[in-house]
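As a plain string of letters, each chain reads:
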Amino acid sequence: MAETHAARLRANLNHPVIDADGHWLEYSPVVRSAMEAIGGKAATRAMDMNGARVGSSLRMTVAERRHANVPQEAFWGSPTKNTRDRATAMMPKLLYERLDEFGIDFAILYPTAGLGLPRVNDEEARLAACRAFNIYCAELFEPFKDRMTPAAVIPMHTPEEALAELDHAVNDLGLKVVMLNSLIDRPIEKIMTERPDAADLTSWLDTFGIDSAHDYDVVWKKCQELGVSPTFHRGSRGKFFRLSVSNFCYNHIGHFAAASEAVCKSLFLGGVTRRFPDLNFAFLEGGVGFAVLLYADLINHWEIRNGEALKLTDPSELNVELLNELAQEYASPEMQAALRERKGFSTKNGPTTTGGLNQLDDYAACEIEAKSDFKELFAERFYFGCEADDATNALAFQRHNNPFQAEIKTLFGSDIGHFDVQDMAGVLPEAHELVDDGRITTEDFRHFVFENPIRFWGETNPRFFEGTSVEAAAKDLLAA
């Protein structure tokens with residue numbers, strides 16, 4: 001086969017290329033048979049439940065979806081005309097052989113259908129499916145571990161089930177990458193009590209940090225003990241403002257970013273990065289644009305809503321005498337009379353004015369001592385998966401625009417195997433266009449495709465890249 005542009009580009013780089021988010025396509029007849037053999041009927045029931053949402057939507061007409069408020073799902077979601085790429089996504093051996101063609105030295109591979117298994121609400125089916133799927137993945141990719149490694153799928157409906165599967169996936173199966181489910185659907189107590197017949201029609205979303213139904217610190221502690229960096233690969237398509245009954249792109253655009261922002265913000269405000277300062281977290285496929293905004297906005301809000309700043313809006317601090325004096329000179333008689341009678345305002349600062357909060361400082365769990373803490377707690381701990389064709393990737397490296405000159409950490413994700421990659425060999429050159437166009441430097445690109453992925457996984461587990469094709473380069477970087 002003729003040398004590709006990607007292969008030539010890779011040859012001219014002085015560092016490896018790590019694909020932090022590629023995908024493989026499960027071939028249902030084979031995977032289903034294996035899942036049933038490993039996990040029984042419960043595992044295949046989870047597969048059916050996972051696929052039912054998309055299948056049901058695509059069997060409806062637009063009018064039927066409107067009647068039921070069901071979102072338009074993706075149709076024709078895998079490569080077909082480029083049949084070699086389709087086969088590559090389905091067959092790990094072929095993908096392994098083509099990595100040089102793509103200019104990729106090492107790839108972390110996430111599933112496609114398997115992404116939804118931890119979301120299944122049937123507990124027996126969910127646990128059986130995740131267990132069986134991880135066993136199948138470990139065996140499937142074992143022959144190719146020097147250049148590829150699969151992600152284990154971890155259920156998160158409760159901390160206990162997460163702990164059990166983390167132990168199994170890492171200790172028993174030797175898997176090194178974990179994808180934790182996020183945005184857990186929880187029943188609304190009021191609906192459960194007053195309208196139990198409608199309980200399946202609505203829910204609230206648990207994001208693990210603030211206001212969670214459980215304390216997930218035991219999960220983060222377990223990740224730290226096992227040497228695995230949590231990654232989240234969950235979207236919000238078909239929810240809230242991303243629910244069109246006729247237009248998939250309306251539902252798809254921005255949905256990964258919205259889900260990632262919710263979980264990232266929740267973990268941060270919940271003080272997780274303060275309590276676990278050595279654990280890295282990644283949010284995949286949402287890009288970095290939202291993260292740049294979130295980082296700055298968290299700081300801006302802290303400046304006006306931290307415990308000390310709240311004194312400026314404390315009702316008890318209102319000088320009523322001065323207010324009335326000013327009203328005598330500048331206000332209408334009607335306003336003067338109302339102010340004298342203390343209408344329309346209060347000087348009470350008790351629980352009835354704060355919603356019953358015991359802690360008024362929304363950032364208390366972060367234990368912010370100085371504004372510069374945000375760089376350590378956010379910019380140093382969170383990583384954001386970026387696809388090659390996203391021009392906003394450059395925002396991460398515009399340090400002069402980011403508070404404290406921070407670089408927001410990006411992870412190069414090819415997304416090979418999915419409909420948005422029309423040519424697998426074109427991904428790396430597309431990512432490099434930011435360098436070609438002068439929007440980022442060659443050093444920025446090195447961070448994007450090499451240093452950040454090595455640090456993300458290698459700082460948590462210094463042995464992550466042992467036995468791989470990038471072992472020497474990773475060892476040198478981590479030692480430095």
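All values reported here derive from a predicted model rather than from experimental measurement.

K.L.:
When you look at the nonpolar core in this model, what are you seeing that I'm missing?
P.N.:
Note that soluble globular proteins tend to have their nonpolar side chains buried in a common cluster. Grouped together as the largest cluster of nonpolar side chains are 128 residues, with contacts concentrated most on Trp-220, Leu-267, Phe-268 and Phe-384. Broken down by element, this core gets its largest block of residues, 10 residues, from helix H6 (residues 123–141). For Phe-384, the contacting residues outside a window of four places in its chain are Cys-264, Phe-283, Gly-287, Val-288, Phe-290, Ala-291, Phe-378, Ile-408, Lys-409, Thr-410 and Leu-411.

K.L.:
What am I meant to see in the environment of Val-177 here?
P.N.:
Structurally, Val-177 is set in strand E4 (residues 177–180). Separated by 50 residues in sequence, Val-177 and Gly-227 have C-alpha atoms that sit 9.6 Å apart. Ignoring any residue separated from it by four or fewer positions in sequence, one finds Val-177 in contact with Ile-108, Tyr-110, Thr-149, Pro-150, Ala-151, Ala-152, Trp-457 and Phe-464.

K.L.:
What is the right way to look at the pairing of strand E10 (residues 409–413) in this model?
P.N.:
On a regular strand, each side chain points to the face opposite its neighbour's, so the side chains alternate between the two faces of the sheet. Taken across its five residues, E10 has five buried, putting it largely inside the fold. Alternating positions in E10 separate into two faces, Lys-409, Leu-411 and Gly-413 on one and Thr-410 and Phe-412 on the other, with burial throughout.

K.L.:
Looking at this model, I keep getting lost on the packing of helix H11 (residues 255–269) against helix H13 (residues 289–305). Mind explaining?
P.N.:
If you want to describe how two helices pack, look at the angle between their axes and the distance between the axes. Two elements in contact, H11 and H13, have axes whose closest approach is 10 Å; the angle formed by their N-to-C orientations is 30°. In terms of their interaxial angle, H11 and H13 are classed as roughly parallel. Crossing of H11 over H13 shows right-handed handedness. Residues Ala-257, Ser-260, Glu-261, Cys-264, Lys-265, Phe-268 and Leu-269 of H11 pack against Phe-290, Leu-294 and Leu-298 of H13. Grouping the amino acids of the contact of H11 with H13 by side-chain chemistry returns seven nonpolar, one polar and two charged.

K.L.:
Would you mind showing me how to read the sheet that holds strand E2 (residues 106–110) here?
P.N.:
Pairing between the strands of a sheet is mediated by backbone hydrogen bonds and can be parallel or antiparallel. In space, the eight strands of this open sheet follow the order E1-E2-E3-E4-E7-E8-E9-E10, with parallel pairing throughout. Across the chains shown, the open sheet's two edge strands, defined by having one partner strand only, are strand E1 (18–23) and E10. Neighbour to neighbour, the strand axes of the sheet diverge by 30° on average, direction disregarded. As defined by bridge partners, E2 adjoins strand E3 (residues 148–154) across three bridges and the pair is classed as parallel. Of the residues in E3, the one forming a bridge with Ala-107 is Met-148. Helix H9 (residues 217–226) rests against E4, strand E7 (230–232) and strand E8 (281–283) of the sheet, and its axis sits at about 120° to E7.

K.L.:
Just to check I follow, could you spell out unusual backbone geometry for this structure?
P.N.:
For residues other than glycine, phi is negative in most cases, and the peptide bonds are mostly trans. Positive phi is not limited to glycine here, since Glu-285 has a value of about 70°. Residue placement: Glu-285 occurs in the loop between E8 and H13. Not every positive phi belongs to a glycine, and Asp-415 is a case in point at roughly 60°. Tracing the chain through its elements places Asp-415 in the loop between E10 and helix H17 (427–436).

K.L.:
In this structure, what is going on with the packing of aromatic side chains? I would like to understand it.
P.N.:
Aromatic ring pairs are described here by two measures, namely the spacing of the ring centres and the angle between the planes. Going through the model one piece at a time under the given rule, you end up with 30 aromatic pairs. Measuring from ring centre to ring centre gives 5.9 Å for Trp-302 and Phe-374, while their planes differ by 65°; the resulting arrangement is edge-to-face. Of this pair, Trp-302 sits in helix H13 while Phe-374 sits in helix H16 (residues 373–379), and the two are 72 residues apart along the sequence. Here Trp-302 and Phe-374 have matching classes, each one buried.

K.L.:
Explanation requested: the pattern of salt bridges in the structure shown.
P.N.:
Any two side chains of opposite charge can pair, given that their charged atoms come close. For the structure shown, the criterion picks out 31 salt bridges. For Arg-126, the salt bridge identified is with Glu-161, shortest N-O distance 2.9 Å. Pair noted here: Arg-126 is in helix H6 and Glu-161 is in helix H7 (residues 159–172), with a separation of 35 residues, a long-range link. Glu-161 matches Arg-126 in its accessibility class, with the two residues each being buried. With a shortest N-O distance of 3.2 Å, Glu-341 and Lys-343 are connected by a salt bridge. As far as the burial class goes, Glu-341 and Lys-343 line up, both exposed.

How each quantity is defined
- Residues numbered from 1 in each chain as written.
- Predicted model: local features only at pLDDT ≥ 70, side-chain atom pairs only at ≥ 80, totals over all residues.
- Heavy atoms only, no water.
- Core = buried A, V, L, I, M, F, W, Y, C linked by side-chain atoms within 4.5 Å.
- Buried < 20%, exposed > 50% of the residue type's maximum accessible area, 1.4 Å probe, protein only.
- Helix = DSSP H or I, 4+ residues; strand = E, 2+ residues; numbered from the N terminus.
- Contact = heavy atoms within 4.5 Å.
- Axes fitted to C-alpha atoms, helices over the stretch in contact; angles between N-to-C directions.
- Parallel < 35°, antiparallel > 145°, perpendicular 65-115°, else oblique.
- Left-handed = near helix turned anticlockwise from the far one by under 90°.
- Nonpolar A, V, L, I, M, F, W, Y, C, P; charged D, E, K, R; others polar.
- Pairing = 2+ DSSP bridges.
- Phe/Tyr/Trp six-rings, centres within 6.5 Å; stacked < 30°, edge-to-face > 60°.
- Salt bridge = Lys/Arg side-chain N within 4 Å of Asp/Glu carboxyl O.

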